[in-house]
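# Geometric and topological summary
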Amino acid sequence: EPLSVLRCPAQQGGVAFDEADRIAVVGQQLVTVFDMSTGTTILELAREARVRCVALSKEGNMVVFGGFDKKVVLLDVHSGANISALPGADDTVRSVHLSADARLIALGCEKRGKGCAILYELPACELRNLWQRDKVVWCVRLSPDASLLAACGYDMQLVIHSTSAPYDTLHSVKYPIFGGPAFIWSCDFSADSQRLAVGCWNSRAYLYDVKYRPGVV
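For every chain, the first residue of the written sequence is number 1, and numbering continues from 1 onward in sequence order. Where totals are concerned, whole chains, interfaces and linings use all residues; where local detail is concerned, this predicted model gives features only for residues with pLDDT of at least 70, and gives and counts side-chain atom pairs only at 80 or more. In computing side-chain properties, one takes all heavy atoms of the structure into account and sets aside hydrogens as well as water.

### Quick notes on unusual backbone geometry
With an omega dihedral of 5°, the bond running from Leu122 to Pro123 counts as a cis peptide bond. Elements are defined by DSSP. Helices are runs of H or I of four residues or more, strands are runs of E of two residues or more, and each kind is numbered from the N terminus. Structurally, Pro123 can be placed in the loop between strand S11 (114–121) and strand S12 (126–133). Here the amide bond leading from Ala165 into Pro166 is cis, since omega sits at 10°, within 30 degrees of zero. Among the structural elements, Pro166 can be located in the loop between strand S15 (157–162) and strand S16 (169–174). Here Lys70, not a glycine, exhibits a phi torsion of approximately 65°, which is positive. Within the fold, Lys70 resides in the loop between strand S6 (62–67) and strand S7 (72–76).

### A look at the nonpolar core
By size, the foremost hydrophobic cluster in this structure holds 22 residues, and its most contacted members are Leu158, Tyr175, Leu196 and Val198. Mapped by element, the contributors of at least two residues to this core are strand S13 (137–142), strand S14 (148–153), S15, S16, strand S17 (184–189) and strand S18 (195–200). Here Leu196 is in contact with Ala150, Leu158, Ile160, Cys187, Asp188, Phe189, Tyr206, Leu207, Tyr208 and Val210, once residues within four sequence places are set aside. For the purposes of this section, nonpolar cores are sets of buried Ala, Val, Leu, Ile, Met, Phe, Trp, Tyr and Cys residues that join through side-chain atoms within 4.5 Å. Working definition: with a 1.4 Å probe on protein chains only, accessible area under 20% of the residue-type maximum means buried, over 50% means exposed, and in between means partly exposed. Counting 18 residues, the second largest nonpolar core, distinct from the first, contains Met62, Leu98, Leu122 and Cys125. Residue contacts are counted whenever heavy atoms from the two residues lie within 4.5 Å of one another.

### Here's the deal with the sheet that holds S13
With antiparallel pairing, the four strands of this open sheet are ordered in space as S13-S14-S15-S16. Edge strands, defined here as strands with exactly one partner in the open sheet, are S13 and S16. Ignoring which end each strand starts from, the neighbouring axes of this sheet average 15° apart. Strand pairing is assigned whenever DSSP detects at least two bridges linking the two strands. Between N-to-C directions, angles span 0 to 180 degrees; the directions come from axes that are lines fitted to C-alpha atoms, helices contributing only their stretch in contact.

### Here's the deal with the pairing of strand S4 (residues 41–46)
Pairing of strand S3 (residues 30–35) with S4 involves five bridges; the strand directions are antiparallel. Bridging from a neighbouring strand, Phe34 pairs with Thr41 of S4.

### What about the sheet that holds strand S1 (residues 14–17)?
Across the sheet, which stays open at both edges, the four strands sit in the order S1-S2-S3-S4 with antiparallel pairing between neighbours. Strands at the two margins of the open sheet, each flanked by one partner only, are S1 and S4. Taken pair by pair, the neighbouring strands of this sheet meet at an average axis angle of 10°, ignoring direction. In terms of strand pairing, S1 meets strand S2 (residues 22–27) through four bridges, oriented antiparallel. Opposite Gly14, over in S2, you have Val26 as the bridge partner.

### A word on the packing of aromatic side chains
Ring geometry is summarised as follows: Phe, Tyr and Trp rings, the Trp one being its six-membered ring, pair when their centres sit within 6.5 Å, and such pairs are stacked at plane angles under 30 degrees, edge-to-face over 60 and tilted between the two. Taken as a whole and judged by the stated rule, the model has eight aromatic pairs. Their ring planes at 45° and their centres at 4.7 Å tell us that Tyr175 and Tyr206 sit as a pair that is tilted. Here Tyr175, found in the loop between S16 and S17, pairs with Tyr206, found in strand S19 (residues 205–209); they are 31 residues apart in sequence, far enough to count as distant. Its relative accessible area of 19% is what places Tyr206 among the buried residues.

### Regarding the side chain of His161
For His161, the position within the fold is in strand S15. Looking at His161, the relative accessible area reads 3%, which means it is buried. Within 3.5 Å is the distance limit for a polar contact, defined as a pair of N or O atoms, with the added protein rule that one can donate a hydrogen and the other accept it, and that residues adjacent in sequence qualify only through two side-chain atoms. A distance of 3.1 Å separates a polar atom in the side chain of His161 from a polar atom in the side chain of Thr169.

Here it is, written out as structure tokens:
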């Protein structure tokens, strides 16, 4: 049985937890943040275009979301005040992720059939790096220690980048077709940054040990 049922649209959207008993749900043209212990709505915000992805800061005081309006917005959860908007965002935003310390934000984007992964530093919203891809990037995840960025998507490829200059591409994996294409919809690191899971459209999920030192994953 579900603990609660949250009444909000989430078609082709996203959900995110914090560590302060809050959950953010986005979908259609709506962003909603709930208190999980009471089920009450903390924030509800209408947008002009479909919202595709969302992230919450660890303490739950900041929500970040993006989508088909080609904007990435950072809001104060309690007041709804705009903290910042990332500059130069002219791509459809398919994925967004915050580092555990809310110091870095990663985006997975789509533009005219191609894609990119983008890394910004907060709170100044300074661009750290942009990695171009031949296809749409559907998922980005920062490791909990913020040293690695995993980016994957329509090209059936997982790519691991360093989040420190010179922002090397450390490793890549191209996935095989098993009765269907291996498009990658999801990936995530374990809490200790030592494992990485990847979910593919080829009816398989993959689990890796992450052994990182400069230049090696």
